[in-house]
Amino acid sequence: MKQRKQRKIYSYITGLLLAAAFVLCISGNVPALAAEDMTAVTIDGIQYNLARKHYAVASIDAVRGENLNTELYIPDQVEYRGETYKVKLFNWGDKRKYSNNNYSWKEEVVIPDKEHSYFARLQKITFAPGVLVKGFCYGYEQLREISVPYPDHLLDAYYNNCPKLERLYLPAKMSSADIKNCPSLRVTVDPNNKFIMATEDAIYTRDGQRLYTVYRSAETYRVPEGVRWINVNAFWGDTTIRHLYLPDSLRDPYMGIDYIVNLESIHFGKKLRSFNFESLTHTRRLRRIDFPKNVWKIRGTDDQMQCVDKVYIRAKKLHKNTYFSGNTKKFTFYVKNKTVKKQLRKSGFKGKIVIKKKI
């Protein structure tokens, strides 16, 4: 009996000692792990996130200071407290929001203390061979040149509001891009790229049938004939276009013409068949829409139609799937005959309807 008690006491003490040793082990390792997993370390005006496996991610969007350099070189390695870290990636930052299952540029981007940031200072940035480049480059007002030694190391192309940026080379493997409000820019696509091509103001699929993005626009902008589809973010956030002309080859511009900030008029192609006012949800200044006679299916809600006061419909008859919802009483539709007027009422439109044979 006495021996059993002694064994129990011995086991209990041994357990306590082992537990204490384990706790000391863990507590002893915590400072070392924390020291290895540093973040937001700024060296020579560049911010690095340092990882335990001795690699680093560089960025500059959060850096602030007096008289920041106008030119930067992003090295392929950096030293910190006697340790060398390989710089594997440079990230411009994330200035976008998630909307309608697609990434779209934010309507308004606030840059804190902009006058003491690279957004107001940076003119040229050069990357060492081996550094991958990605992220959302927004609002670098003085940026003129981006030098990437190996084009394939440019992982994506998201650029907005860089008015002085002059050149951008898109590699063979890049399959899309989203570039806006860069009036000085000339985009070149690698001739071996099988996915996209660039013109002097826009980027298309290789066959020219889908418009991906317009990066250099004008007050009056014409989408060329032959374009059959417009990418959902092709114009999103454009601040220059006021009058938009769409080609006959475009049958349905669904969501492709949304949020053109200063859009005042839109001219549809003659062969337009259907239209959803959701395409203009974020449009601000458009007050009138003229639909060509081939349009036979129109849809919308009062929230989506806030951009217009008057709608002109030249069609002689509408499709049975035309419908409207919400409080549409404040809108006025001009139509050619009683048939269309009756169809609009059946479709849920509650606003004023004026019959005008000559529209």
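Just so it is clear, the model here is predicted, and its values are computed rather than measured.

K.L.:
Please clarify how the overall build of the chain should be interpreted in this entry.
P.N.:
Helix and strand counts for the chain come out as 3 helices and 30 strands. In the chain, which comprises 359 residues, the share counted as buried stands at 45%. Sequence separation of at least 24 residues holds for 35% of the intrachain contacts in the chain that already meet a minimum separation of 6. Entry remark: accessible area of the chain is about 19,400 Å², with carbon and sulfur atoms responsible for 49%.

K.L.:
How should the sheet that holds strand β12 (residues 145-147) be read in this particular structure?
P.N.:
Strands sit in the order β4-β9-β12 across an open sheet of 3 strands; the sheet is parallel. The open sheet terminates on both sides in strands that have one partner only, identified here as β4 (71-74) and β12. Taken over all neighbouring pairs, the strand axes of this sheet differ in orientation by 10° on average, direction set aside. As paired elements, β4 and strand β9 (residues 124-127) share 4 bridges and run parallel to each other. Following the sheet pairing, isoleucine 74 is matched in β9 by phenylalanine 127.

K.L.:
Can you walk me through the pattern of salt bridges in this structure?
P.N.:
When the charged atoms of two side chains lie near each other, side chains of opposite charge can form a pair. Taken as a whole and judged by the stated rule, the model has 9 salt bridges. In this structure, lysine 114 engages glutamate 141 in a salt bridge whose closest nitrogen and oxygen atoms are separated by 2.5 Å. Here lysine 114 is found in the loop between β8 (102-105) and α2 (118-121), whereas its partner glutamate 141 is found in the loop between β11 (136-138) and β12, with 27 residues between them in sequence. The salt bridge involving glutamate 166 is made with arginine 144; its shortest N-O contact spans 3.9 Å. Of this pair, glutamate 166 sits in the loop between β13 (158-160) and β14 (167-170) while arginine 144 sits in the loop between β11 and β12, and the two are 22 residues apart along the sequence. For arginine 144, a relative accessible area of 36% puts it in the partly exposed group. Several salt bridges share partner residues, and in doing so they unite Arg144, Glu166 and Arg167 into one network.

K.L.:
So what exactly am I meant to see when it comes to the layout of surface pockets here?
P.N.:
Which parts of space are left empty comes out when a probe the size of a water molecule is rolled across the atoms. Roughly 240 Å³ of internal volume is contained in the largest pocket. Elements with a contribution of two residues or more to the lining of the largest pocket: β12, β14 and β16 (186-189). Residues that form the lining of the largest pocket fall into these classes: 6 nonpolar, 1 polar and 5 charged.

K.L.:
In this structure, what is going on with the pairing of strand β19 (residues 210-214)? I would like to understand it.
P.N.:
Taken residue by residue, a regular strand's side chains alternate between the two faces of the sheet. In terms of burial, β19 is largely enclosed, as 4 of its 5 residues are buried. With 3 bridges joining them, strand β18 (residues 202-205) and β19 adopt antiparallel strand pairing. Opposite alanine 202, over in β19, you have valine 214 as the bridge partner. Between β18 and β19, which pair antiparallel one after the other, the connecting turn spans 4 residues, and glycine 208 there sits at a positive phi close to 80°. Where β19 lies against strand β21 (residues 229-230), 2 bridges are found, and the strand directions are parallel. Within β21, the position partnered with arginine 210 by the bridge is tryptophan 229.

K.L.:
Quick question: what am I supposed to make of the environment of valine 189 here?
P.N.:
One can find valine 189 in strand β16. As a C-alpha pair, valine 189 and alanine 172 span 17 residues in sequence and 7.3 Å in three-dimensional space. When near neighbours in sequence (up to four residues on either side) are disregarded, valine 189 contacts Leu170, Ile196, Met197 and Ala198.

K.L.:
Help me understand the confidence of the model for the chain, please; the structure alone is not making it clear to me.
P.N.:
Close reading of the predicted structure is inappropriate where its pLDDT is low. For the chain, per-residue confidence averages 87 on the pLDDT scale, and residues scoring 70 or more make up 86% of the total. A low-confidence stretch, residues 1-36 stays under pLDDT 50, and its non-local contacts, those more than four residues away or across chains, total 5 contacts. Throughout residues 97-101 the model reports pLDDT below 50, and contacts reaching past four residues in sequence, or to other chains, amount to 9 contacts.

K.L.:
What exactly am I supposed to notice about the sheet that holds strand β28 (residues 323-325) here?
P.N.:
Note: strands within a sheet are paired through backbone hydrogen bonds, in either parallel or antiparallel orientation. The sheet built from 3 strands is open, its strands ordered β24-β26-β28 with parallel pairing. Strands at the two margins of the open sheet, each flanked by one partner only, are β24 (274-276) and β28. Along the sheet, successive strands turn relative to each other by an average axial angle of 5°, direction set aside. Where β24 meets strand β26 (residues 297-301), 3 bridges bridge the pair, whose relative direction is parallel. Within β26, the residue paired with phenylalanine 275 across the bridge is isoleucine 298.

K.L.:
Looking at this structure, I do not really get helix α3 (residues 338-346). What am I missing?
P.N.:
Because the α-helix completes a turn every 3.6 residues, residues three or four places apart line up on one side. Where α3 is concerned, the buried positions are Val340, Gln343 and Leu344. Seen from one end, α3 has its buried residues packed into an arc of 100°, which puts them on one side. Turned more than 90 degrees off the buried face of α3, the exposed positions are Lys338, Lys342 and Lys346. Residues of α3 that are buried in the fold lie against β27 (310-313), β28, β29 (332-335) and β30 (352-355). One side-chain oxygen of the residue at the start of α3 lies 3.1 Å from the amide nitrogen of threonine 339, identifying that residue as asparagine 337. Downstream of α3 by a residue or two, glycine 348 has a phi angle that is positive, lying close to 100°.

K.L.:
Hey, could you run me through the side chain of glutamine 304 in this one?
P.N.:
Along the chain, the position of glutamine 304 falls in the loop between β26 and β27. According to the relative accessible area criterion, glutamine 304 is buried, its value standing at 16%. Once residues lying within four places of it in the same chain are set aside, the contact partners of glutamine 304 are Asn276, Phe277, Glu278, Leu280 and Thr281.

About the thresholds
- Along each chain, residue indices are assigned from 1 in the same order as the chain's sequence is written.
- Side-chain atom pairs in this predicted model are given and counted only at pLDDT of 80 or more, local residue features only at pLDDT of at least 70, and totals for whole chains, interfaces and linings cover all residues.
- Based on all heavy atoms of the structure, the side-chain values leave hydrogens and waters out of the count.
- By definition, any uninterrupted DSSP run of H or I lasting at least four residues is a helix, any uninterrupted run of E lasting at least two residues is a strand, and each is numbered from the N terminus.
- Partly exposed residues are those whose accessible area sits between 20% and 50% of the maximum for their type, while under 20% is buried and over 50% is exposed, using a 1.4 Å probe and protein chains only.
- The contact criterion used is simple: two residues touch if any of their non-hydrogen atoms lie within 4.5 Å.
- Here the open area of atoms and residues is found with the Shrake-Rupley method and a 1.4 Å probe, where only the protein chains shown may cover a residue.
- Think of it this way: DSSP has to see at least two bridges between two strands before they count as a pair.
- Helix axes are fitted to C-alpha atoms over the stretch in contact, other axes to C-alpha atoms as well, and angles between N-to-C directions run from 0 to 180 degrees.
- Throughout this description, the term salt bridge denotes a Lys or Arg side-chain nitrogen within 4 Å of a carboxyl oxygen of Asp or Glu.
- Both site types are read off a 1 Å grid over the protein atoms alone. A 1.4 Å probe that fits but cannot get out defines a cavity, while an open set with protein on both sides within 12 Å along at least five of seven lines defines a pocket; lining residues have an atom within 4 Å of a point.
- Grid points are joined across faces, edges and corners, and a volume is the space filled by probe spheres set on the points.
- Residue polarity follows a fixed list, in which Ala, Val, Leu, Ile, Met, Phe, Trp, Tyr, Cys and Pro are nonpolar, Asp, Glu, Lys and Arg are charged, and the others, Gly among them, are polar.
- On a range of 0 to 100, pLDDT expresses the predictor's confidence in each residue.
- Of all possible arcs, the one meant is that of the directions from the helix axis to the C-beta atoms.
- Counted as a polar contact is a pair of N or O atoms within 3.5 Å, where, for protein atoms, one must be capable of donating a hydrogen and the other of accepting one, and residues adjacent in sequence contribute only when both atoms are in side chains.

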